[in-house]
Amino acid sequence: DSSGSISFGDENLSTTGTLGSGVLTAATGSAIGNLTLANGSITDSSGAISFGDENLSTSGTLGSGALTVTGGSITSSTAAISFGANTLTTSGVVSTGALDVTGNASISANLTVGGSIISSDRRIVRRQEW
């Protein structure tokens, strides 16, 4: 349209082909396929939004339920992040305010302690190999 707008009134627009748009402005509550755009959120009625093998990038905060990724940090509103039975590996430093180990802890490199080591059963075994 030479005026820059085309209106279908309150009628539906359907196609079996592709509908392309340079910029799409949709009213809140608009649905595109299974996706609903409402109040700053995109939801999928099938319960899954997939980006395939593409990267997802944001300069803001990425939140998912209780998990938030922002500024290089991963936080949880439930105060717990679990890796299940998977291994957590880093070549950097792991810092924690308090560390509770249930079961055995194995350290294959040096252990530096700035404070005290406290054992609940009052035993600390030190093995030194020469």
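To be clear, the structure that these remarks concern was listed above.
Residues numbered from 1 in each chain as written. Predicted model: local features only at pLDDT ≥ 70, side-chain atom pairs only at ≥ 80, totals over all residues. Heavy atoms only, no water.

1. Some thoughts on the sheet that holds strand β6 (residues 73-76)
Then comes step 1: Pairing in this open sheet of three strands is antiparallel, and the strands run β4-β5-β6 from one edge to the other. Two strands bound the open sheet, and with one partner strand each, they are β4 (62-64) and β6. Between one strand and the next, the sheet's axes are offset by a mean angle of 15°, whatever the strand orientation.
Then comes step 2: With four bridges joining them, strand β5 (residues 67-70) and β6 adopt antiparallel strand pairing. (Pairing = 2+ DSSP bridges. Helix = DSSP H or I, 4+ residues; strand = E, 2+ residues; numbered from the N terminus. Axes fitted to C-alpha atoms, helices over the stretch in contact; angles between N-to-C directions.)

2. Some details on the side chain of S76
Then comes step 1: As for its position among the elements, S76 is in strand β6.
Then comes step 2: For S76, a relative accessible area of 19% corresponds to the buried category.
Then comes step 3: Reaching out from S76, the side chain makes a polar contact with the side chain of T78 at a distance of 2.8 Å.
Then comes step 4: Those residues within four positions of S76 in sequence are excluded, and the remaining contacts are A66 and I81. (Buried < 20%, exposed > 50% of the residue type's maximum accessible area, 1.4 Å probe, protein only. Polar contact = N/O pair within 3.5 Å; in protein donor to acceptor, adjacent residues only side chain to side chain. Contact = heavy atoms within 4.5 Å.)

3. As for the sheet that holds strand β3 (residues 41-44)
Then comes step 1: Read across the open sheet, the three strands follow the order β1-β2-β3; overall the sheet is antiparallel. Every interior strand has two partners, whereas the edge strands, β1 (30-32) and β3, have only one. Between one strand axis and the next, the sheet turns by 25° as a mean value, whatever way the strands run.
Then comes step 2: Alignment of β1 against strand β2 (residues 35-38), held across three bridges, turns out to be antiparallel. Paired with I32 across the bridge in β2 is L35.

4. Some thoughts on unusual backbone geometry
Then comes step 1: We note that A79 has phi near 65°; this positive angle belongs to a residue other than glycine.
Then comes step 2: Tracing the backbone through its elements, the reader meets A79 in the segment after β6.
Then comes step 3: The exposure class assigned to A79 is exposed, which follows from its relative accessible area of 76%.

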